[in-house]
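# Summary of the model geometry
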Amino acid sequence: VDRLAFDADFFSVPWHGFPLRVVTDYSADITASERAYAIANDFNITLPQGDEDLVVDPGWNAVGRPVYEIVTADWFRVRVQEGINRLIVQKSSRGYKIPVSTGGQAQVAGAIWTVIKTGIAAGHFDADIAQHSVTSEAITASDLENQRFRFTVRVKLAVAGRLVTVTVYAS
């Protein structure tokens, strides 16, 4: 619940490195080999980190995928659909249709880009705009018959760092 308290429109929260406040410690200490086994098998475990006694790591689901990636994908799908629906309603309520044409594609692509830019600002996607693309697919007779737009969207996720290696040379 702690992670879901953040609004995904403004934050792409990591699902690791956060303290659990109302959970008791393990009854016995976890060994280094048990920790390695747990992480290798996609378990989330809690261990001391920094000033906290119980910090979640690595923040993955049962098949080893970072949970924040799943949240980002769901957030993006919902926000794109909302943006497109909003565009259709705005146009229609003013007496305009969005034609199945390159002009119509540009309008819908604009709604998709708005969500991508929101995702960049929230930290869901890489800050380099060149890493993302919205490509309108060629309009076919089937598209015209079905009143349909097709797009291919590519976004690059912003990867959350969780492991840090520091090499120090002292003399």
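Everything below is about the structure printed above this text.
Residues numbered from 1 in each chain as written. Predicted model: local features only at pLDDT ≥ 70, side-chain atom pairs only at ≥ 80, totals over all residues. Heavy atoms only, no water.

### A closer look at the overall build of the protein chain
Secondary structure summary: the protein chain contains 4 helices and 4 strands in total. Mapped from its N terminus to its C terminus, the protein chain presents α and β elements in the order α-β-β-α-α-β-α-β. For a compact globule of 171 residues, the expected C-alpha radius of gyration is about 16 Å, and the protein chain comes in at 22 Å, more than 25% above that figure. Expressed as lengths along the three principal axes of its C-alpha atoms, the size of the protein chain is roughly 65 × 45 × 25 Å. Taking all 171 residues of the protein chain together, the buried fraction comes to 26%. Of all intrachain contacts in the protein chain linking residues separated by at least 6 positions in sequence, the fraction that spans at least 24 positions is 54%. For the protein chain, the exposed surface amounts to about 11,500 Å²; the carbon and sulfur share of it is 55%. (Helix = DSSP H or I, 4+ residues; strand = E, 2+ residues; numbered from the N terminus. Rg over C-alpha atoms; globule rule 2.2 N^0.38 Å. Buried < 20%, exposed > 50% of the residue type's maximum accessible area, 1.4 Å probe, protein only. Contact = heavy atoms within 4.5 Å. Areas by Shrake-Rupley, 256 points an atom, 1.4 Å probe, with all protein chains shown as cover.)

### Points about a nonpolar patch on the surface
There is a patch of nonpolar side chains on the surface, built from Phe6, Phe10 and Phe11 and spanning about 330 Å² of accessible area. Among the structural elements, phenylalanine 10 can be located in the segment before helix H1 (32–40). For phenylalanine 10, a relative accessible area of 57% puts it in the exposed group. (Patch = residues over 30% accessible without salt bridge, like charges linked within 9 Å, V, L, I, M, F, W, Y side chains within 5 Å. Salt bridge = Lys/Arg side-chain N within 4 Å of Asp/Glu carboxyl O.)

### Quick notes on the pattern of salt bridges
This structure, assessed with the given rule, holds 10 salt bridges. Measuring nitrogen to oxygen at the nearest pair gives 3.3 Å for the salt bridge that ties aspartate 57 to arginine 35. One end of the pair, aspartate 57, is in strand E2 (residues 52–57); the other, arginine 35, is in helix H1, and 22 residues separate them in sequence. Of the residues examined, arginine 35 reaches a relative accessible area of 31% and is grouped as partly exposed.

### Quick look at the packing of helix H2 (residues 67–93) against helix H3 (residues 102–122)
With their axes 9 Å apart at the nearest point, H2 and H3 run at an angle of 140° to one another. Taken together, the axis directions place H2 and H3 in an arrangement best described as oblique. Once H2 is placed against H3, the crossing between them reads as right-handed. Of the residues in H3, those touching H2 at Trp75, Phe76, Arg79, Val80, Gly83, Ile84, Leu87 and Lys91 are Gln107, Val108, Ala111, Ile112, Val115, Ile116, Thr118 and Gly119. A breakdown of the residues in the contact of H2 with H3 according to their chemical character gives 10 nonpolar, 4 polar and 2 charged. (Axes fitted to C-alpha atoms, helices over the stretch in contact; angles between N-to-C directions. Parallel < 35°, antiparallel > 145°, perpendicular 65-115°, else oblique. Left-handed = near helix turned anticlockwise from the far one by under 90°. Nonpolar A, V, L, I, M, F, W, Y, C, P; charged D, E, K, R; others polar.)

### Examining the side chain of glutamate 69
Within the secondary structure, glutamate 69 is located in helix H2. The buried category is assigned to glutamate 69, whose relative accessible area is 19%. Within the local environment of glutamate 69, its side chain forms a polar contact with the side chain of arginine 65, the two groups lying 3.3 Å apart. (Polar contact = N/O pair within 3.5 Å; in protein donor to acceptor, adjacent residues only side chain to side chain.)

### Description of the packing of aromatic side chains
In total, this model carries 3 aromatic pairs according to the counting rule given. On the basis of an interplanar angle of 70° and a centroid distance of 5.5 Å, the ring pair of phenylalanine 6 and phenylalanine 11 is categorised as edge-to-face. Classification of phenylalanine 6 by relative accessible area gives partly exposed; the value is 36%. A residue is classified by how much of its surface remains accessible, and phenylalanine 11, at 45% relative accessible area, is partly exposed. Ring geometry for tryptophan 75 versus phenylalanine 125: centroids 6.3 Å apart, planes at 50°, classification tilted. Here the residue tryptophan 75 occupies a position in helix H2, and phenylalanine 125 occupies one in the loop between H3 and strand E3 (133–136), the gap between them amounting to 50 residues. Neither tryptophan 75 nor phenylalanine 125 differs from the other in exposure class; each is buried. An aromatic cluster is built from Trp75, Phe76 and Phe125, whose rings are joined through pairwise contacts. Sitting above the plane of the phenylalanine 18 ring, arginine 3 keeps its charged end 4.2 Å from the centroid. (Phe/Tyr/Trp six-rings, centres within 6.5 Å; stacked < 30°, edge-to-face > 60°. Lys NZ or Arg CZ within 6 Å of the ring centre and 35° of its normal.)

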